[in-house]
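Structural overview for review
These are the residues of each chain, in order.
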Amino acid sequence: MCGIGLVVSDGAPHESIDLAAVRAQLQARGPDSYREHSTTVSDAYEVTLLGSVLHICGHEITPQPIVHEPSGCVLCWNGEVFGGELYVCDGDDDDVAAAIE
């Protein structure tokens, strides 16, 4: 099972946020790939998006989150991108999402 996490911090130390524990939990949910991306928003908030992937279909692993550098957009998605509907194609949802890079 894949895992997605989002941690938003105002830069002050918080006892309630244990980023190492969040990482450990997510890495266990998707052992085939793990990546995270952090950015500062409005000079006040640190936003970290974490993504782990369990590769069970498709041709290759597409690590998440995907970062589109020119725009700064970041995408992390659940593997059921088609909402549970049966969708037959030559690729998989990772191929569709990777096309935006």
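Here's what I pulled together on the structure shown here. Nothing here was measured: the structure is a model prediction, and the numbers come from that model.

1. A word on the pairing of strand S1 (residues 3-9)
Look at any regular strand and the pattern is simple: side chains alternate between the two faces of the sheet. In S1, alternate side chains face the same way, and those of Gly-3, Gly-5, Val-7 and Ser-9 are buried while those of Ile-4, Leu-6 and Val-8 on the opposite face are not. Pairing analysis gives seven bridges linking S1 to strand S3 (residues 45-53), with the strands arranged antiparallel. Bridged to Gly-3 within S3 is Ser-52.

2. Focus on the environment of Thr-39
Along the chain, Thr-39 turns up in strand S2 (residues 33-41). Judged by relative accessible area, Thr-39 falls into the partly exposed class, the value being 36%. When the C-alpha positions of Thr-39 and Gly-72 are compared, they lie 9.2 Å apart, and in sequence the two are 33 residues distant. In this view, Thr-39 contacts Tyr-45, Glu-46 and Val-47; residues no more than four positions away in its chain are not counted.

3. Brief notes about the sheet that holds S3
In spatial order, the strands read S1-S3-S2; together these three strands make up an open sheet with antiparallel pairing. Bordering the open sheet on either side are S1 and S2, each of which pairs with just one other strand. Neighbouring strand axes in the sheet, compared pairwise and without regard to direction, differ in orientation by 10 degrees on average.

4. With respect to the pattern of salt bridges
In total, this model carries one salt bridge according to the counting rule given. Between Glu-36 and Arg-23 there is a salt bridge, and its shortest N-O distance comes to 2.8 Å. Remark: Arg-23 occurs in helix H1 (residues 19-29) and Glu-36 occurs in strand S2; sequence separation between them is 13 residues. Assessed through its relative accessible area of 28%, Glu-36 is described here as partly exposed. Overall, Arg-23 belongs to the partly exposed group, its relative accessible area being 28%.

5. Concerning unusual backbone geometry
A cis amide bond, omega -5 degrees, links Gln-64 with the succeeding residue Pro-65. Tracing the backbone shows Pro-65 in the loop between S3 and strand S4 (66-68). One non-glycine residue with positive phi stands out, namely Ser-42, at about 55 degrees. Residue position: Ser-42 is located in the loop between S2 and S3. Phi at Asp-43 is positive, roughly 55 degrees, even though this residue is not glycine. Locating Asp-43 in the fold gives a position in the loop between S2 and S3.

6. Section: the side chain of Ser-52
Along the chain, Ser-52 falls in strand S3. Within polar-contact distance, the side chain of Ser-52 engages the backbone oxygen of Leu-26 at 2.7 Å.

Procedures and definitions
- Residues numbered from 1 in each chain as written.
- Predicted model: local features only at pLDDT ≥ 70, side-chain atom pairs only at ≥ 80, totals over all residues.
- Heavy atoms only, no water.
- Buried < 20%, exposed > 50% of the residue type's maximum accessible area, 1.4 Å probe, protein only.
- Helix = DSSP H or I, 4+ residues; strand = E, 2+ residues; numbered from the N terminus.
- Pairing = 2+ DSSP bridges.
- Contact = heavy atoms within 4.5 Å.
- Axes fitted to C-alpha atoms, helices over the stretch in contact; angles between N-to-C directions.
- Salt bridge = Lys/Arg side-chain N within 4 Å of Asp/Glu carboxyl O.
- Polar contact = N/O pair within 3.5 Å; in protein donor to acceptor, adjacent residues only side chain to side chain.

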